[in-house]
Amino acid sequence: MSPATHGAFLFLQATGVDRRASAIRALYSVAVRLRIISVATAIVAAASSPAWSSGSAVSSAVQQAGQQYYIEYCASCHGTDGRGAGPVAAALTIKPPDLSKMAARRNGQYPFDELASYIDGRKAVAAHGSREMPVWGERFADESPDDPQQERIIHGKVLMLLVYLESIQR
Ligand code: HEC
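Read on for a plain summary of the structure. Since the model is a prediction, treat every value here as computed from it, not as a measurement. (Residues numbered from 1 in each chain as written. Predicted model: local features only at pLDDT ≥ 70, side-chain atom pairs only at ≥ 80, totals over all residues.)

## Notes on the site of the ligand
Alright, step 1. Every one of the 22 residues lining the ligand counts as a neighbour, but Cys 74, Cys 77, Arg 131, Glu 132 and Met 133 are closest to it.
Alright, step 2. Where the shell around the ligand is concerned, the elements lending two or more residues are α5 (75-78) and α6 (112-120).
Alright, step 3. A class-by-class count of the residues in the shell around the ligand yields 17 nonpolar, 2 polar and 3 charged. (Near = placed C-beta within 6 Å. Helix = DSSP H or I, 4+ residues; strand = E, 2+ residues; numbered from the N terminus. Nonpolar A, V, L, I, M, F, W, Y, C, P; charged D, E, K, R; others polar.)

## Focus on the environment of Glu 132
Alright, step 1. Here Glu 132 shows up in the loop between α7 (122-128) and α8 (136-143).
Alright, step 2. Considered as a pair, Glu 132 and Leu 92 are 40 residues apart in the sequence and their alpha carbons are 7.4 Å apart.
Alright, step 3. With residues up to four places along the chain from it excluded, the contact list for Glu 132 reads Leu 92, Thr 93 and Ile 94. (Contact = placed C-beta atoms within 7 Å.)

## Topic: unusual backbone geometry
Alright, step 1. Of note, the phi angle at Arg 35 is positive, near 55°, even though the residue is not glycine.
Alright, step 2. Structurally, the position occupied by Arg 35 is in the loop between α2 (16-33) and α3 (37-47).
Alright, step 3. We note that Asn 107 has phi near 50°; this positive angle belongs to a residue other than glycine.
Alright, step 4. Of note, Asn 107 is situated in the loop between α5 and α6.
Alright, step 5. For Asn 107, a count of 7 C-beta atoms within 10 Å corresponds to the exposed category. (Buried ≥ 20, exposed ≤ 12 C-beta atoms within 10 Å, placed from the backbone.)

In structure tokens form, the structure reads like this:
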């Protein structure tokens, strides 16, 4: 697994120019909409520097923003440390999984695409019916109902969360 501090940048490098550009646009849109100045500034700075040399600055800004978002949306079930002991966990029939062991459960792999589509949940729910975890793709859509960038913002929020979660893998 890649060192967490470089997670976002490696991901952006590895997924090819088109997908990298789309991930950057998604993160930028969400940063602007949520007024996360640190992320927007880091992206602008990185984009204008040769060979994305300040990619790790993007990574750490995104990671911090993702952590705040995690605390707001996910900690109630998965716990502030991600290990599954949030206050709401006891009320669920399925225990929330330890999110700091996602890579450990997958032989050290941290598959961004698979995890993103799981968190989003809209496709999965259409195929398999209900689940205990909220369908975040719908929740995030409700947060920016009339925005023409809606899909991009949803994608950016999920990416932000995944960059943070990658940093807590153990
Ligand atoms: C209401 C409680 C609840 C909240 C809030 C919640 N989750 Fe979950 N999460 C679960 C449960 C329960 C599961 C196990 C699968 C299921 O039944 O839904 C799960 C599973 C997951 C998984 C799959 C883990 C794996 O290794 O496959 C991920 C990733 C995840 N949650 C991320 C998040 C993120 C990110 C947030 C915040 C945006 C979040 N969860 C908020 C309850 C919750």
